[in-house]
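# Observations on the model geometry
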Amino acid sequence: MKHILIIDDNYENQRIVARLLKDCSNIEIESKNTVKNAIDELKSKKYDLVVTDLFLPLNLGDEINRDGAIELLNQIEKNKSVLKPTYIIGITSHKEAYDQYISYFNKKGWRLYINDASLSESELKENIINYIKHSPKEDDNVDILIITALQKELDQILNLPFNWENKKSDSHTFHFGNIRNLKGKHLRILAVSCLHMGIAASASLTSKLGVLFKPKLILMSGIAAGIKEKVNLGDILVAEYCWDWGSGKKTQIEGISVTKQAPHQISMPLKYKDGFLQLSKDKEFLDKVFCDYQGKKTHSQLGLHIGPLATGSVVLEDQNIVNSIIEQHRNTLGIEMEAYGVAYASELLGIGSIIIKSVCDFANTEKNDDYQSYAAFTSAKTIERFIQEIYDPI
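Nothing here was measured: the structure is a model prediction, and the numbers come from that model.

Once that is clear, we can look at the overall build of the protein chain. Summing up its helical and strand segments, the protein chain has twelve helices and 17 strands in all. Within the protein chain, the fraction of its 394 residues that count as buried is 52%. Sequence-distant contacts, at least 24 apart, represent 73% of the contacts inside the protein chain between residues at least 6 apart. Carbon together with sulfur atoms contributes 47% to the accessible area of the protein chain, which is approximately 18400 Å² in total.

Below you can see the structure in the form of C-alpha coordinates.
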(Lines give C-alpha, C1' and ligand atoms only; values in the text may rest on other atoms or scores of the structure.)
Protein backbone atom coordinates (compact mmCIF):
# COMPACT_ATOMS: atom_id res chain seq x y z
CA MET A 1 0.00 0.00 0.00
CA LYS A 2 1.31 3.44 -0.98
CA HIS A 3 0.26 6.47 1.05
CA ILE A 4 -0.41 9.96 -0.35
CA LEU A 5 -1.10 13.07 1.72
CA ILE A 6 -2.81 15.99 -0.04
CA ILE A 7 -2.67 19.39 1.64
CA ASP A 8 -5.14 21.91 0.25
CA ASP A 9 -7.70 24.17 1.86
CA ASN A 10 -10.15 24.16 -1.07
CA TYR A 11 -9.94 20.52 -2.28
CA GLU A 12 -8.76 21.43 -5.80
CA ASN A 13 -5.58 19.36 -5.56
CA GLN A 14 -7.52 16.49 -4.00
CA ARG A 15 -9.86 16.50 -6.98
CA ILE A 16 -6.97 16.51 -9.48
CA VAL A 17 -4.99 13.71 -7.81
CA ALA A 18 -8.07 11.56 -7.15
CA ARG A 19 -9.08 11.83 -10.81
CA LEU A 20 -5.60 10.96 -12.07
CA LEU A 21 -5.28 7.91 -9.81
CA LYS A 22 -8.81 6.55 -9.98
CA ASP A 23 -7.65 3.45 -11.87
CA CYS A 24 -4.69 2.72 -9.57
CA SER A 25 -4.93 0.10 -6.84
CA ASN A 26 -3.15 -0.15 -3.48
CA ILE A 27 -3.14 3.61 -2.98
CA GLU A 28 -4.46 5.33 0.12
CA ILE A 29 -5.14 9.08 -0.02
CA GLU A 30 -5.44 11.27 3.08
CA SER A 31 -6.12 15.02 3.11
CA LYS A 32 -5.43 17.93 5.45
CA ASN A 33 -6.30 21.61 5.08
CA THR A 34 -3.84 23.51 7.31
CA VAL A 35 -0.11 23.48 7.96
CA LYS A 36 -0.62 22.42 11.58
CA ASN A 37 -2.94 19.54 10.71
CA ALA A 38 -0.51 18.35 8.04
CA ILE A 39 2.48 18.43 10.39
CA ASP A 40 0.54 16.55 13.06
CA GLU A 41 -0.35 13.91 10.47
CA LEU A 42 3.26 13.62 9.30
CA LYS A 43 4.37 13.03 12.88
CA SER A 44 2.14 10.00 13.10
CA LYS A 45 2.55 8.39 9.69
CA LYS A 46 5.18 7.94 6.98
CA TYR A 47 3.93 9.05 3.53
CA ASP A 48 5.33 8.08 0.15
CA LEU A 49 4.14 11.31 -1.43
CA VAL A 50 2.93 14.73 -0.29
CA VAL A 51 1.02 16.93 -2.75
CA THR A 52 0.56 20.47 -1.47
CA ASP A 53 -0.90 23.78 -2.53
CA LEU A 54 1.38 26.79 -2.04
CA PHE A 55 -1.19 29.02 -0.32
CA LEU A 56 -2.27 27.45 2.98
CA PRO A 57 -3.64 28.63 6.34
CA LEU A 58 -1.27 27.89 9.20
CA ASN A 59 -4.06 26.94 11.63
CA LEU A 60 -7.78 26.20 11.42
CA GLY A 61 -9.67 29.49 11.07
CA ASP A 62 -6.63 31.47 9.87
CA GLU A 63 -6.52 33.47 6.67
CA ILE A 64 -4.68 31.96 3.70
CA ASN A 65 -0.92 32.44 4.06
CA ARG A 66 0.96 32.98 0.80
CA ASP A 67 4.01 31.34 2.37
CA GLY A 68 2.04 28.51 3.97
CA ALA A 69 3.65 25.73 1.95
CA ILE A 70 7.14 27.08 2.57
CA GLU A 71 6.44 27.09 6.31
CA LEU A 72 5.19 23.50 5.93
CA LEU A 73 8.31 22.40 4.04
CA ASN A 74 10.62 24.11 6.51
CA GLN A 75 8.95 22.25 9.36
CA ILE A 76 9.22 18.95 7.47
CA GLU A 77 12.97 19.55 7.11
CA LYS A 78 13.75 20.85 10.59
CA ASN A 79 11.26 19.14 12.91
CA LYS A 80 12.86 15.88 14.05
CA SER A 81 9.47 14.48 15.06
CA VAL A 82 8.21 14.57 11.47
CA LEU A 83 8.40 11.33 9.46
CA LYS A 84 9.76 12.84 6.27
CA PRO A 85 7.85 11.89 3.10
CA THR A 86 9.73 10.23 0.26
CA TYR A 87 8.76 12.89 -2.28
CA ILE A 88 6.93 16.23 -2.47
CA ILE A 89 4.97 17.83 -5.33
CA GLY A 90 3.61 21.37 -5.28
CA ILE A 91 0.64 22.58 -7.30
CA THR A 92 -0.53 26.19 -7.57
CA SER A 93 -2.94 28.13 -9.74
CA HIS A 94 -1.03 31.39 -9.19
CA LYS A 95 1.58 32.23 -11.84
CA GLU A 96 3.29 34.75 -9.57
CA ALA A 97 3.71 32.15 -6.82
CA TYR A 98 4.96 29.59 -9.33
CA ASP A 99 7.63 31.98 -10.60
CA GLN A 100 8.63 32.86 -7.03
CA TYR A 101 9.04 29.29 -5.76
CA ILE A 102 10.03 27.17 -8.79
CA SER A 103 13.75 27.54 -8.04
CA TYR A 104 13.13 26.63 -4.38
CA PHE A 105 11.44 23.37 -5.40
CA ASN A 106 14.09 22.59 -8.01
CA LYS A 107 16.91 23.01 -5.50
CA LYS A 108 15.20 20.55 -3.19
CA GLY A 109 14.78 18.00 -5.97
CA TRP A 110 10.98 18.32 -5.93
CA ARG A 111 8.48 19.26 -8.65
CA LEU A 112 6.19 22.28 -8.82
CA TYR A 113 3.29 22.48 -11.28
CA ILE A 114 1.08 25.40 -12.21
CA ASN A 115 -2.61 24.51 -12.50
CA ASP A 116 -3.55 26.41 -15.64
CA ALA A 117 -4.01 25.64 -19.31
CA SER A 118 -0.36 24.56 -19.54
CA LEU A 119 -0.72 21.81 -16.93
CA SER A 120 0.04 18.45 -18.48
CA GLU A 121 -2.08 16.03 -16.47
CA SER A 122 -0.42 13.09 -18.21
CA GLU A 123 3.00 14.33 -17.05
CA LEU A 124 1.68 14.94 -13.55
CA LYS A 125 0.12 11.46 -13.42
CA GLU A 126 3.35 9.86 -14.68
CA ASN A 127 5.38 11.74 -12.08
CA ILE A 128 3.07 10.77 -9.22
CA ILE A 129 2.88 7.10 -10.23
CA ASN A 130 6.65 6.96 -10.71
CA TYR A 131 7.33 8.06 -7.15
CA ILE A 132 4.64 6.09 -5.37
CA LYS A 133 5.14 2.84 -7.25
CA HIS A 134 8.89 2.89 -7.73
CA SER A 135 10.08 4.49 -4.50
CA PRO A 136 13.06 2.51 -3.22
CA LYS A 137 12.78 -0.03 -0.43
CA GLU A 138 15.12 0.01 2.55
CA ASP A 139 17.26 -2.61 0.79
CA ASP A 140 18.04 0.03 -1.87
CA ASN A 141 19.82 2.31 0.63
CA VAL A 142 23.49 2.98 -0.13
CA ASP A 143 26.54 3.86 1.92
CA ILE A 144 28.03 6.33 -0.55
CA LEU A 145 26.45 8.41 -3.31
CA ILE A 146 28.84 9.69 -6.01
CA ILE A 147 27.60 12.53 -8.21
CA THR A 148 29.28 13.94 -11.32
CA ALA A 149 28.29 16.83 -13.54
CA LEU A 150 29.43 15.31 -16.85
CA GLN A 151 29.22 11.88 -18.44
CA LYS A 152 32.99 11.86 -19.07
CA GLU A 153 33.48 12.29 -15.30
CA LEU A 154 31.06 9.46 -14.56
CA ASP A 155 32.85 7.21 -17.09
CA GLN A 156 36.04 7.46 -15.03
CA ILE A 157 34.13 6.53 -11.87
CA LEU A 158 32.63 3.51 -13.65
CA ASN A 159 36.14 2.36 -14.55
CA LEU A 160 36.81 1.81 -10.85
CA PRO A 161 36.65 -1.89 -9.78
CA PHE A 162 33.38 -1.66 -7.85
CA ASN A 163 31.39 -4.46 -9.57
CA TRP A 164 28.91 -2.05 -11.14
CA GLU A 165 25.34 -2.98 -12.06
CA ASN A 166 23.01 -0.61 -13.91
CA LYS A 167 19.35 0.15 -13.28
CA LYS A 168 17.34 2.46 -15.54
CA SER A 169 14.83 5.00 -14.27
CA ASP A 170 12.69 7.38 -16.29
CA SER A 171 15.34 10.11 -16.21
CA HIS A 172 18.65 8.54 -15.12
CA THR A 173 20.69 5.39 -15.17
CA PHE A 174 21.64 4.35 -11.64
CA HIS A 175 25.02 2.61 -11.33
CA PHE A 176 25.22 0.48 -8.18
CA GLY A 177 28.57 -0.80 -6.96
CA ASN A 178 29.44 -3.27 -4.23
CA ILE A 179 32.90 -3.67 -2.69
CA ARG A 180 34.61 -4.76 0.48
CA ASN A 181 37.17 -2.05 1.21
CA LEU A 182 40.61 -2.50 2.72
CA LYS A 183 39.15 -1.96 6.21
CA GLY A 184 36.94 -5.00 5.67
CA LYS A 185 33.72 -2.98 5.35
CA HIS A 186 31.16 -4.07 2.76
CA LEU A 187 29.97 -0.93 1.00
CA ARG A 188 27.12 -0.26 -1.43
CA ILE A 189 27.77 2.66 -3.77
CA LEU A 190 25.56 4.58 -6.18
CA ALA A 191 27.04 6.70 -9.00
CA VAL A 192 24.94 9.08 -11.12
CA SER A 193 25.64 11.98 -13.46
CA CYS A 194 23.58 15.18 -13.59
CA LEU A 195 21.54 15.82 -16.73
CA HIS A 196 22.76 19.43 -16.84
CA MET A 197 25.63 21.47 -15.44
CA GLY A 198 25.18 24.07 -12.70
CA ILE A 199 24.20 24.58 -9.09
CA ALA A 200 20.46 24.03 -9.56
CA ALA A 201 20.90 20.71 -11.39
CA SER A 202 23.41 19.33 -8.87
CA ALA A 203 21.34 20.45 -5.87
CA SER A 204 18.16 18.97 -7.34
CA LEU A 205 19.76 15.60 -8.09
CA THR A 206 21.47 15.45 -4.70
CA SER A 207 18.22 16.20 -2.88
CA LYS A 208 16.27 13.63 -4.85
CA LEU A 209 18.80 10.81 -4.49
CA GLY A 210 19.57 11.70 -0.88
CA VAL A 211 15.93 11.21 0.02
CA LEU A 212 15.48 8.07 -2.07
CA PHE A 213 18.67 6.16 -1.21
CA LYS A 214 19.66 7.63 2.18
CA PRO A 215 23.45 7.59 1.72
CA LYS A 216 25.72 8.01 4.73
CA LEU A 217 28.09 10.22 2.68
CA ILE A 218 27.86 12.10 -0.63
CA LEU A 219 30.91 12.55 -2.86
CA MET A 220 31.33 14.66 -5.97
CA SER A 221 33.98 13.80 -8.53
CA GLY A 222 35.01 15.68 -11.64
CA ILE A 223 36.90 18.61 -13.13
CA ALA A 224 37.48 22.22 -12.15
CA ALA A 225 39.43 25.30 -13.15
CA GLY A 226 42.52 25.84 -11.04
CA ILE A 227 44.15 29.02 -9.82
CA LYS A 228 47.35 29.39 -11.80
CA GLU A 229 50.58 29.56 -9.79
CA LYS A 230 48.89 27.56 -7.00
CA VAL A 231 48.10 24.28 -8.76
CA ASN A 232 49.01 22.36 -11.91
CA LEU A 233 46.88 20.69 -14.57
CA GLY A 234 45.63 17.35 -13.25
CA ASP A 235 46.16 18.28 -9.60
CA ILE A 236 43.49 17.03 -7.20
CA LEU A 237 41.49 19.61 -5.23
CA VAL A 238 39.71 18.48 -2.07
CA ALA A 239 37.28 21.21 -1.01
CA GLU A 240 37.87 22.05 2.65
CA TYR A 241 34.81 24.21 2.11
CA CYS A 242 32.95 25.65 -0.86
CA TRP A 243 30.64 28.59 -1.55
CA ASP A 244 28.65 30.29 -4.31
CA TRP A 245 30.90 33.12 -5.49
CA GLY A 246 27.96 34.89 -7.16
CA SER A 247 25.82 35.22 -4.04
CA GLY A 248 25.29 38.69 -2.60
CA LYS A 249 23.66 41.98 -3.49
CA LYS A 250 23.99 44.08 -6.63
CA THR A 251 23.88 47.79 -5.78
CA GLN A 252 25.35 51.15 -6.70
CA ILE A 253 27.85 53.28 -4.84
CA GLU A 254 28.28 56.80 -6.22
CA GLY A 255 26.76 55.67 -9.48
CA ILE A 256 29.06 52.67 -9.88
CA SER A 257 27.61 49.15 -9.91
CA VAL A 258 29.14 46.96 -7.20
CA THR A 259 28.45 43.55 -5.69
CA LYS A 260 28.36 43.12 -1.94
CA GLN A 261 29.30 39.49 -1.41
CA ALA A 262 27.51 37.30 1.14
CA PRO A 263 29.12 33.86 0.81
CA HIS A 264 27.74 30.91 2.76
CA GLN A 265 30.57 28.44 3.18
CA ILE A 266 29.94 24.71 3.66
CA SER A 267 32.74 22.58 5.12
CA MET A 268 33.73 18.98 4.49
CA PRO A 269 33.41 16.58 7.46
CA LEU A 270 36.42 17.39 9.64
CA LYS A 271 37.04 13.75 10.54
CA TYR A 272 38.33 13.11 7.02
CA LYS A 273 40.66 16.09 6.73
CA ASP A 274 43.67 14.34 8.26
CA GLY A 275 43.23 11.37 5.92
CA PHE A 276 43.48 13.69 2.91
CA LEU A 277 46.44 15.53 4.44
CA GLN A 278 48.26 12.20 4.71
CA LEU A 279 47.25 11.30 1.15
CA SER A 280 48.66 14.62 -0.12
CA LYS A 281 52.06 13.48 1.20
CA ASP A 282 51.81 9.99 -0.31
CA LYS A 283 54.20 10.35 -3.25
CA GLU A 284 53.86 6.67 -4.17
CA PHE A 285 50.08 7.03 -4.62
CA LEU A 286 50.34 10.29 -6.59
CA ASP A 287 53.10 8.95 -8.84
CA LYS A 288 51.13 5.78 -9.55
CA VAL A 289 48.01 7.77 -10.52
CA PHE A 290 50.16 9.89 -12.84
CA CYS A 291 51.81 6.86 -14.46
CA ASP A 292 48.59 4.87 -14.80
CA TYR A 293 46.94 7.49 -17.02
CA GLN A 294 47.71 6.70 -20.65
CA GLY A 295 46.22 9.74 -22.38
CA LYS A 296 47.38 13.34 -22.80
CA LYS A 297 48.80 14.79 -19.57
CA THR A 298 51.31 17.35 -18.39
CA HIS A 299 54.86 16.60 -17.30
CA SER A 300 54.41 18.29 -13.91
CA GLN A 301 54.35 16.17 -10.77
CA LEU A 302 50.82 15.35 -9.61
CA GLY A 303 49.72 17.04 -6.38
CA LEU A 304 46.77 16.90 -4.00
CA HIS A 305 45.62 20.13 -2.32
CA ILE A 306 43.06 20.80 0.42
CA GLY A 307 41.48 24.23 0.48
CA PRO A 308 38.64 26.53 -0.60
CA LEU A 309 36.70 25.81 -3.81
CA ALA A 310 34.39 28.42 -5.35
CA THR A 311 31.23 27.54 -7.27
CA GLY A 312 29.48 29.71 -9.86
CA SER A 313 26.82 29.42 -12.52
CA VAL A 314 28.94 30.25 -15.57
CA VAL A 315 31.93 28.83 -17.44
CA LEU A 316 34.81 31.25 -16.89
CA GLU A 317 37.37 32.49 -19.38
CA ASP A 318 38.01 35.84 -17.69
CA GLN A 319 41.00 36.48 -15.44
CA ASN A 320 39.37 39.63 -14.04
CA ILE A 321 36.47 37.60 -12.65
CA VAL A 322 38.91 34.99 -11.34
CA ASN A 323 40.76 37.77 -9.51
CA SER A 324 37.51 39.02 -7.99
CA ILE A 325 36.75 35.50 -6.72
CA ILE A 326 40.20 35.25 -5.17
CA GLU A 327 39.42 38.51 -3.35
CA GLN A 328 36.58 36.66 -1.59
CA HIS A 329 39.12 34.17 -0.26
CA ARG A 330 42.82 34.60 -1.00
CA ASN A 331 43.47 30.85 -0.51
CA THR A 332 41.02 29.78 -3.23
CA LEU A 333 42.41 26.79 -5.14
CA GLY A 334 39.81 26.33 -7.87
CA ILE A 335 36.50 27.33 -9.42
CA GLU A 336 33.72 25.12 -10.84
CA MET A 337 29.95 25.00 -11.33
CA GLU A 338 28.28 22.32 -9.17
CA ALA A 339 30.03 21.69 -5.82
CA TYR A 340 28.06 24.19 -3.76
CA GLY A 341 24.77 22.72 -5.02
CA VAL A 342 25.80 19.24 -3.86
CA ALA A 343 27.13 20.53 -0.54
CA TYR A 344 24.09 22.72 0.15
CA ALA A 345 21.57 19.97 -0.61
CA SER A 346 23.60 17.50 1.47
CA GLU A 347 23.65 19.93 4.40
CA LEU A 348 19.86 20.28 4.26
CA LEU A 349 19.55 16.49 4.29
CA GLY A 350 21.89 16.22 7.27
CA ILE A 351 24.42 14.21 5.24
CA GLY A 352 28.14 14.96 5.03
CA SER A 353 29.65 15.70 1.61
CA ILE A 354 33.14 15.83 0.14
CA ILE A 355 34.01 17.48 -3.17
CA ILE A 356 37.01 16.03 -5.00
CA LYS A 357 37.72 17.71 -8.33
CA SER A 358 40.87 17.96 -10.43
CA VAL A 359 42.30 20.82 -12.48
CA CYS A 360 41.60 20.75 -16.22
CA ASP A 361 42.29 24.44 -17.08
CA PHE A 362 42.91 27.85 -15.51
CA ALA A 363 39.66 29.70 -16.44
CA ASN A 364 41.41 31.97 -18.93
CA THR A 365 41.24 32.52 -22.69
CA GLU A 366 43.77 29.72 -23.21
CA LYS A 367 41.44 27.07 -21.76
CA ASN A 368 40.49 24.01 -23.83
CA ASP A 369 39.28 20.46 -23.30
CA ASP A 370 42.68 18.76 -23.72
CA TYR A 371 43.12 17.80 -20.07
CA GLN A 372 39.54 17.08 -19.02
CA SER A 373 39.92 13.31 -19.25
CA TYR A 374 43.17 13.41 -17.30
CA ALA A 375 41.59 15.55 -14.57
CA ALA A 376 38.51 13.30 -14.39
CA PHE A 377 40.84 10.30 -14.05
CA THR A 378 42.92 11.72 -11.18
CA SER A 379 39.74 12.76 -9.36
CA ALA A 380 38.18 9.30 -9.75
CA LYS A 381 41.33 7.52 -8.55
CA THR A 382 41.33 9.72 -5.45
CA ILE A 383 37.69 8.76 -4.84
CA GLU A 384 38.73 5.11 -5.07
CA ARG A 385 41.58 5.56 -2.58
CA PHE A 386 39.28 7.45 -0.19
CA ILE A 387 36.64 4.70 -0.25
CA GLN A 388 39.20 1.93 0.12
CA GLU A 389 41.32 3.35 2.92
CA ILE A 390 39.95 6.55 4.47
CA TYR A 391 36.15 6.25 4.56
CA ASP A 392 34.68 5.26 7.92
CA PRO A 393 30.94 4.42 7.85
CA ILE A 394 30.57 4.81 11.61
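Think of a ball as big as a water molecule: rolled over the atoms, this probe shows where empty space is left. Throughout the structure, instances matching the rule amount to one cavity of 30 Å³ or more. Here the largest cavity defines a volume of roughly 40 Å³. Taken together, Ala239, Tyr241, Cys242, Ile266, Ser267, Met268, Ala343, Ser353 and Ile355 make up the full set of residues lining the largest cavity. Taken together, the elements giving at least two residues each to the lining of the largest cavity come down to strand S11 (236-244), strand S14 (266-267) and strand S17 (352-361). For the lining of the largest cavity, the leading source of residues is S11, giving three residues. In terms of residue class, the lining of the largest cavity is built from seven nonpolar, two polar and no charged.

Here we come to the side chain of Ser193. As for its placement among the helices and strands, Ser193 is situated in strand S9 (residues 186-193). Residue class for Ser193 comes out buried when judged on its relative accessible area of 8%. At 3.4 Å, the side chain of Ser193 and the side chain of Thr148 are in polar contact. A polar contact of 3.5 Å, which involves the side chain of Ser193, links it to the backbone oxygen of Leu150. With residues up to four places along the chain from it excluded, the contact list for Ser193 reads Thr148, Ala149, Leu150, Gln151, Leu154, His172 and Leu205.

Oppositely charged side chains can form a pair if their charged atoms are brought close together. One pass over the full model with this rule turns up 15 salt bridges. Between Asp40 and Lys36 there is a salt bridge, and its shortest N-O distance comes to 2.9 Å. Taken together, the positions of Asp40 and Lys36, both in helix H2 (residues 35-44) and four residues apart, correspond to about one turn of that helix. For Asp292, the salt bridge goes to Lys288, with nearest N and O atoms at 2.7 Å.

Let's shift gears to the sheet that holds strand S1 (residues 2-7). Read across the sheet, five strands follow the order S2-S1-S3-S4-S5 without closing on themselves; strand pairing throughout is parallel. Two strands lie at the open edges of the sheet, namely strand S2 (27-32) and strand S5 (111-114), each paired on one side alone. Going across the sheet, the axis of each strand differs from the next one's by a mean of 20°, ignoring polarity. Bridge analysis of strand S4 (residues 87-92) against S5 gives four bridges, and the strand direction is parallel. Opposite Ile89, over in S5, you have Arg111 as the bridge partner. The sheet strands contacting helix H3 (residues 68-78) are S1, strand S3 (49-53) and S4, and the helix crosses S3 at an angle near 150°.

Note on placement: Asp292 falls in helix H9 (residues 283-292). Remark: the alpha-carbon pair of Asp292 and Thr378, spanning 86 residues in sequence, is separated by 9.6 Å. Within the structure, the side chain of Asp292 is placed 2.7 Å from the side chain of Lys288, a separation counted as a polar contact.

Here we take up H2. Three or more residues of H2 are buried, namely Val35, Ala38, Ile39, Glu41 and Leu42. Considered in projection along H2, the buried side chains sweep an arc of 160° and stay on one side of the axis. The secondary structure elements touched by the buried residues of H2 are S1, S2, S3 and H3.

Moving on, we come to the pairing of S11. Along S11, eight of the nine residues are buried, which leaves the element largely enclosed by surrounding structure. Here S11 runs beside S17; their pairing, made up of three bridges, is antiparallel. Residue pairing for S17: Val238 is matched across the bridge by Ile356. Bridge count for S11 against S14 is two bridges, and the pairing is antiparallel. Bridge pairing links Cys242 to Ile266 in S14.

Rules behind the numbers
- Residues numbered from 1 in each chain as written.
- Predicted model: local features only at pLDDT ≥ 70, side-chain atom pairs only at ≥ 80, totals over all residues.
- Heavy atoms only, no water.
- Helix = DSSP H or I, 4+ residues; strand = E, 2+ residues; numbered from the N terminus.
- Buried < 20%, exposed > 50% of the residue type's maximum accessible area, 1.4 Å probe, protein only.
- Contact = heavy atoms within 4.5 Å.
- Areas by Shrake-Rupley, 256 points an atom, 1.4 Å probe, with all protein chains shown as cover.
- 1 Å grid on protein atoms, 1.4 Å probe; cavity = no way out; pocket = protein on both sides within 12 Å on 5 of 7 lines; lining within 4 Å.
- Points joined across faces, edges and corners; volume = space filled by probe spheres on them.
- Nonpolar A, V, L, I, M, F, W, Y, C, P; charged D, E, K, R; others polar.
- Polar contact = N/O pair within 3.5 Å; in protein donor to acceptor, adjacent residues only side chain to side chain.
- Salt bridge = Lys/Arg side-chain N within 4 Å of Asp/Glu carboxyl O.
- Pairing = 2+ DSSP bridges.
- Axes fitted to C-alpha atoms, helices over the stretch in contact; angles between N-to-C directions.
- Arc of directions from axis to C-beta.

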